Every structure is written in structure tokens, then in C-alpha cells.
Amino acid sequence: MKKVIRTTKAPSAIGPYSQAIQVGNIIYASGQIPIDPATGSFVEGGIKEQTRQSLLNVKAILEEAGLTMGNVVKTTIFMADMNDFADMNAVYAEFFAEPYPARSAVAVKTLPKGALVEIEVVAGV
């Protein structure tokens, strides 16, 4: 059985998808781009600011489900430019502690609304 996870503390879905879905003890969160839910706009700044906002959005979704970033078991990072990897990674490290989640990081041609980064997670309850 699927349970929808939804919060106003993260951006609303901009298409036909849910912020997150829980199936059993696993939560699958949709990719989060750096939209500030209070303004509906991208945060100002570059990759560091966009990574931070994307992760804050992930954190808000997990908190709605009663979880923390410590429950994350897998992340996928989509980046517009792999040259931003070190700066993205520095901010990412602020949100996770050992044992770190498994992770994939890939460069893609474009991201929704011209974002520099999009982050999705899988978390265990």
C-alpha cells in the first residue's frame, strides 16, 4: 500500500508526481530542485546555495514523514555541470554523517527550470 508524503515546507510538485511516496518501510522522495517554498522562486547564488536549498527541501519532506537525514540510505545527485562537484560535495557533507548513504552523482544536459542541481533520496523508516 502506498502512502503519499506531502508538506508545505518543501516546494509543491510541478507536475503529475508526489513529493514522496512511502511503501512499507521505504520512502522514495522525488528529486528536489532549489526552490524556496516560501517564495516559490530559486534561491539566489550558485551551486552551494542551490545544493543547500535542495537538501533543505529533502529534509522537510523527511521530517513530514517523521524521519531525519540519518534515515537516508541512497541519494542521487543530478548536476548541470560536473565542474561544480567539489562545491556541491562540501555542502552535501554538512547534511550527512557516517555511515554516509550510498550515492550516485551524474551530470545531465539540463534540469527543470534551469536548476544547477537536483537531489533525490531513498530513506528507511
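Residues numbered from 1 in each chain as written. Predicted model: local features only at pLDDT ≥ 70, side-chain atom pairs only at ≥ 80, totals over all residues. Heavy atoms only, no water.

### A short note on the pattern of salt bridges
Okay, so step 1: What the rule picks out here adds up to 1 salt bridge.
Okay, so step 2: With a closest N to O distance of 2.9 Å, R52 and E94 form a salt bridge. On the criterion of sequence distance, the pair formed by R52 in helix α1 (residues 47–64) and E94 in helix α2 (residues 85–95) is long-range, its members being 42 residues apart.
Okay, so step 3: Residue classification places R52 among the partly exposed positions, given a relative accessible area of 30%.
Okay, so step 4: Classification of E94 by relative accessible area gives exposed; the value is 53%. (Salt bridge = Lys/Arg side-chain N within 4 Å of Asp/Glu carboxyl O. Helix = DSSP H or I, 4+ residues; strand = E, 2+ residues; numbered from the N terminus. Buried < 20%, exposed > 50% of the residue type's maximum accessible area, 1.4 Å probe, protein only.)

### Quick word on the pairing of strand β3 (residues 26–32)
Okay, so step 1: With respect to burial, β3 is a largely interior element, 5 of its 7 residues being buried.
Okay, so step 2: In this structure, the hairpin formed by strand β2 (residues 20–23) and β3 is closed by a connection of 2 residues, where G24 is found at a positive phi of approximately 60°.
Okay, so step 3: As defined by bridge partners, β3 adjoins strand β8 (residues 117–124) across 5 bridges and the pair is classed as antiparallel. Bridge pairing links I26 to G124 in β8. (Pairing = 2+ DSSP bridges.)

### Some remarks on the packing of α1 against α2
Okay, so step 1: One can describe the packing of α1 onto α2 by two numbers: an axis separation of 8 Å at closest approach and a directional angle of 35°. The hand of the α1/α2 crossing is right-handed. Residue-level contacts link I47, K48, T51, R52, L55 and L56 of α1 to D87, M88, V91, Y92, E94 and F95 of α2.
Okay, so step 2: Among the residues forming the contact of α1 with α2, the class breakdown is 7 nonpolar, 1 polar and 4 charged. (Axes fitted to C-alpha atoms, helices over the stretch in contact; angles between N-to-C directions. Left-handed = near helix turned anticlockwise from the far one by under 90°. Contact = heavy atoms within 4.5 Å. Nonpolar A, V, L, I, M, F, W, Y, C, P; charged D, E, K, R; others polar.)

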